[in-house]
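Architecture and fold: a report
Listed below, chain by chain, are the residues.
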Amino acid sequence: MTKEEFIAELAEEMEIETTVTAETNFQELDEWDSMGMMVLIGFVSEKFEVSLNAEDIAKLTTFESLIDKIGVDKFS
Amino acid sequence: MAMKKNDLKGKNILVTGATSGIGKGICIALLSQGARVIGIGRDESKVSDLSFEDNKFLFLPYDLNNIDGIEGLFQNNSVAQEKLDGLVLCAGKEETVPLSLYKGDKIKSLFNLNLFSGIELLRIFSKKKFSKDNSSVVFFSSVMGELGQPGKVGYCATKSAVLGVVNSASLELAKRKIRVNAVSPGVVATPMTKKLFSQLSDENVKQIEEMHPLGIGQIEDVVPTVLFLLSDDSKWITGQNIKIDGGYSIQ
Ligand SMILES: NC(=O)c1ccc[n+]([C@@H]2O[C@H](COP(=O)([O-])OP(=O)(O)OC[C@H]3O[C@@H](n4cnc5c(N)ncnc54)[C@H](OP(=O)(O)O)[C@@H]3O)[C@@H](O)[C@H]2O)c1
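It should be emphasised that the depicted structure is a prediction, and the values quoted were computed from it without experimental measurement. (Residues numbered from 1 in each chain as written. Chains lettered and ligands numbered in written order. Predicted model: local features only at pLDDT ≥ 70, side-chain atom pairs only at ≥ 80, totals over all residues. Heavy atoms only, no water.)

**Side note on the overall build of chain A**
We apply this condition: Strands here mean DSSP runs of E at least two residues long; helices mean DSSP runs of H or I at least four residues long; both are numbered from the N terminus. Atoms counted for the radius of gyration: C-alpha only. Globule rule: 2.2 Å times the number of residues to the power 0.38. Categorising residues by exposure relies on relative accessible area from a 1.4 Å probe, with only protein chains included: less than 20% of the type maximum marks a residue as buried, more than 50% marks it as exposed, and the intermediate range marks it as partly exposed. The contact criterion used throughout is that any non-hydrogen atoms of two residues lie within 4.5 Å. Surface accessibility in these figures is a Shrake-Rupley result with a 1.4 Å probe; residues are shielded only by whichever protein chains are displayed. Positive: Lys, Arg. Negative: Asp, Glu. His and the chain ends are not part of the count. One atom stands in for each charge, and that atom is NZ of Lys, CZ of Arg, CG of Asp or CD of Glu.
For chain A, the count of helices and strands is four helices and zero strands. Written out in order from the N terminus, the α and β elements of chain A read α-α-α-α. Against the compact-globule benchmark of 11 Å for 76 residues, chain A has a radius of gyration of 11 Å, which places it among compact chains. Reported as C-alpha extents along the three principal axes, the dimensions of chain A are approximately 30 × 25 × 20 Å. When each of the 76 residues of chain A is scored for burial, the buried share is 47%. For chain A, contacts bridging at least 24 residues in sequence account for 62% of all contacts bridging at least 6. Carbon together with sulfur atoms contributes 45% to the accessible area of chain A, which is approximately 4,300 Å² in total. Treating the 5 positive side-chain charges of chain A as one cloud and the 19 negative ones as another, the clouds have centres 10 Å apart.

Printed below as a string of structure tokens:
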């Protein structure tokens, strides 16, 4: 999966209504609530078998920071 | 009236989930009372500290997701040697998955472990050649069997299905005076909750603690009720769901 595909699929799963890019900050999104976080954790776990904990989530800023957390090498 | 409190000496009990948390606590308590225990789990190294003296503890490594192979376990000579007095179905898995990601295969896999493995074990146990009359079965449901929480569609569904099994099986097996009950713990400090808490913020963990008027439970808060249900002291109790939750569900 490319970074762009990942961002698009995650935005779709989280039902984000605005346009997002790698620079979009989660904190600025209306959809960034406990349900949104749960969807993000579930989606990342399903696609990459990476389990994010509460501390990882608290540290997230942009979509790029999430990609770094998952590991850039996991993207094509 | 002669009272013999929780006399389990010499009883032959099969316990799933024997390698961790509550199930392991039940095995230790049963062994200390002189019962013979057959434990099922996947990771044998987690029970290496349990005493194997006098062949009182038999461990069978087995992945209960494989439902079709369960009957074969009972053909094992040392299991079939003596009929069972009790069955404790403690193996289980907790997972938080938002509904939008809960596809069929994922939810089926949770049902396999939390529900179908228990039904299959009960089916085989219920045959006369494997169980004594007056024996006792204890299923593990959860306060989540009657209540809800976001992200727990799978867990709640499996745990409430367990209560349905208990209702029906208790009637079906009453003819042989076999009793079938459930216990429903609130949050108990075990490896399962450790994993869950690691995914939550400190604030969320505190909220969960505060939802238990008597605080979070310990393994030793749950084990005595299970021993009571396995013993003849509870011989007139069947088809029940006993909540052990520090007051969680009363609010
Ligand atoms: N702790 C709580 O707060 C709580 C609350 C309500 C209800 N409960 C219920 O109480 C029961 C015990 O919980 P616990 O906290 O003691 O859990 P735990 O520490 O996570 O232990 C789970 C047990 O299930 C076994 N198991 C898991 N998957 C298995 C598989 N595929 N095949 C065979 N065995 C498997 C594990 O064995 P291996 O690791 O060796 O595979 C382990 O012995 C569960 O049914 C749980 O749903 C717990």
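After presenting the structure, the write-up continues.
**Here we look at the nonpolar core**
Residue and element names in this part refer to chain B. Test applied: In this description, a nonpolar core means a group of buried Ala, Val, Leu, Ile, Met, Phe, Trp, Tyr and Cys residues linked to one another through side-chain atoms lying within 4.5 Å.
Membership of the largest hydrophobic core comes to 33 residues, with the highest contact counts inside it found for Leu64, Phe74, Leu87, Leu122, Val137 and Phe139. Elements that contribute at least two residues to this core include exactly strand E2 (36-41), helix H2 (70-75), strand E4 (84-89), helix H4 (104-125), strand E5 (131-140), helix H5 (153-172) and strand E6 (179-185). The element contributing the most residues to this core is H4, with seven residues. Leave out the neighbours within four places in its chain, and Val137 touches Leu87, Leu89, Leu122, Phe125, Ile178, Arg179, Val180 and Asn181.

**So, the interface of chain B and chain A**
For the record, the criterion: As a working definition, buried area equals the accessible area (1.4 Å probe) given up by two parts on being put together, with both sides summed. Definition used for salt bridges: Asp or Glu carboxyl oxygen within 4 Å of a side-chain nitrogen of Lys or Arg.
With 11 residues of chain B in contact, the opposing surface of chain A contributes 10 residues. Summed over both partners, the interface of chain B with chain A buries about 800 Å², with 68% contributed by carbon and sulfur atoms. Among the residues of chain B in contact with chain A, B:Pro98, B:Leu101 and B:Gln199 are the three that bury the most area, contributing 57% of the side total. Here chain B is connected to chain A by zero salt bridges.

**Considerations on helix H1 (residues 3-13) of chain A**
Because the α-helix completes a turn every 3.6 residues, residues three or four places apart line up on one side. Residues and elements named next belong to chain A. Spelled out, the test is: The arc in question is traced by the directions running from the helix axis to the C-beta atoms.
Of all the positions in H1, only Phe6, Ile7, Leu10 and Ala11 are classed as buried. Looking straight down H1, one finds that the buried residues subtend no more than 125 degrees of arc, so they occupy a single side. Across from the buried face of H1, at angles greater than 90 degrees, the exposed residues are Glu4 and Glu12. Looking at the buried residues of H1, the elements they touch are helix H2 (34-48) and helix H4 (63-70). Glu15, located one to two residues past H1, shows a positive phi value of around 50 degrees.

**A look at the site of the ligand**
Residue and element names in this part refer to chain B. Note the following rule: Being near a molecule or strand, for a residue, means having at least one of its heavy atoms within 4 Å of it. For this analysis, a polar contact is any N or O atom pair within 3.5 Å, provided that within protein one partner can donate a hydrogen and the other can accept it, and provided that sequence-adjacent residues contribute only side-chain to side-chain pairs.
Neighbouring the ligand are 31 residues, the closest being Thr19, Ser20, Arg42, Tyr155 and Thr190. For the ligand, an oxygen atom lies 2.8 Å from a polar atom in the backbone of Ile22. Residue Lys46 places a side-chain N or O atom 2.7 Å away from an oxygen atom belonging to the ligand. Its free accessible area being 880 Å², the ligand has 93% of it covered by the protein chains. Looking at the shell around the ligand, the elements with two or more residues in it are helix H1 (21-32), H5 and helix H6 (191-198). A per-element tally of the shell around the ligand places H6 first, with three residues.

**Focus: the environment of A:Ser65**
Note that A:Ser65 resides in helix H4. Placed 34 residues apart in sequence, A:Ser65 and A:Glu31 show a C-alpha to C-alpha distance of 18 Å.

**Quick word on the packing of H1(A) against H2(A)**
Residues and elements named next belong to chain A. Threshold: Axis geometry follows a simple rule: fit a line to the C-alpha atoms, using only the stretch in contact for helices, then measure angles between N-to-C directions, giving values from 0 to 180 degrees. Under this scheme an angle from 65 to 115 degrees is roughly perpendicular, one under 35 degrees roughly parallel, and one over 145 degrees roughly antiparallel; angles in between are oblique. Crossing handedness follows the turn of the near helix against the far one: under a right angle anticlockwise gives a left-handed crossing, and clockwise gives a right-handed one. Three classes are used, and their members are as follows: Ala, Val, Leu, Ile, Met, Phe, Trp, Tyr, Cys and Pro are nonpolar, Asp, Glu, Lys and Arg are charged, and the others, Gly among them, are polar.
At their nearest, the axes of H1 and H2 sit 10 Å apart, and the two run at 135 degrees to each other. Considered as vectors, H1 and H2 are oriented oblique to each other. Pair H1 / H2 crosses with right-handed handedness. Along the contact surface, H1 presents Phe6, Glu9, Leu10 and Glu13, while H2 presents Val39, Leu40, Phe43, Val44, Lys47 and Phe48. Across the contact of H1 with H2, the residue classes break down as seven nonpolar, no polar and three charged.

**Re the packing of H4(B) against H5(B)**
If you want to describe how two helices pack, look at the angle between their axes and the distance between the axes. Residues and elements named next belong to chain B. As a packed pair, H4 and H5 sit with axes 9 Å apart at the nearest point and diverge in direction by 15 degrees. One element, H4, and the other, H5, form an angle in the roughly parallel class. Regarding H4 and H5, the two cross each other, and that crossing is right-handed. Between H4, through Ile107, Leu110, Phe111, Asn114, Leu115, Ile119 and Leu122, and H5, the contact on the second element is made entirely by Val153, Gly154, Tyr155, Ala157, Thr158, Lys159, Ala161, Val162, Val165 and Ala169. Class assignment of the residues belonging to the contact of H4 with H5 gives a composition of 13 nonpolar, three polar and one charged.

**Focus: the sheet that holds E2(B)**
Sheet strands pair via backbone hydrogen bonds, and the direction of the pair is either parallel or antiparallel. Residues and elements named next belong to chain B. Rules: At least two bridges found by DSSP between two strands are what make those strands a pair.
What the seven strands build is an open sheet, ordered E3-E2-E1-E4-E5-E6-E7; its pairing is parallel. Where the open sheet ends on each side, the last strands, each with one partner, are strand E3 (57-61) and strand E7 (241-244). Along the sheet, successive strands turn relative to each other by an average axial angle of 20 degrees, direction set aside. Direction of pairing for strand E1 (residues 12-16) relative to E2: parallel, over a ladder of five bridges. Looking across to E2, one finds that Asn12 is bridged to Arg36. Where H1 meets the sheet, its contacts fall on E1, E2, E3, E4, E5 and E6, and the angle it forms with E1 comes to roughly 165 degrees.

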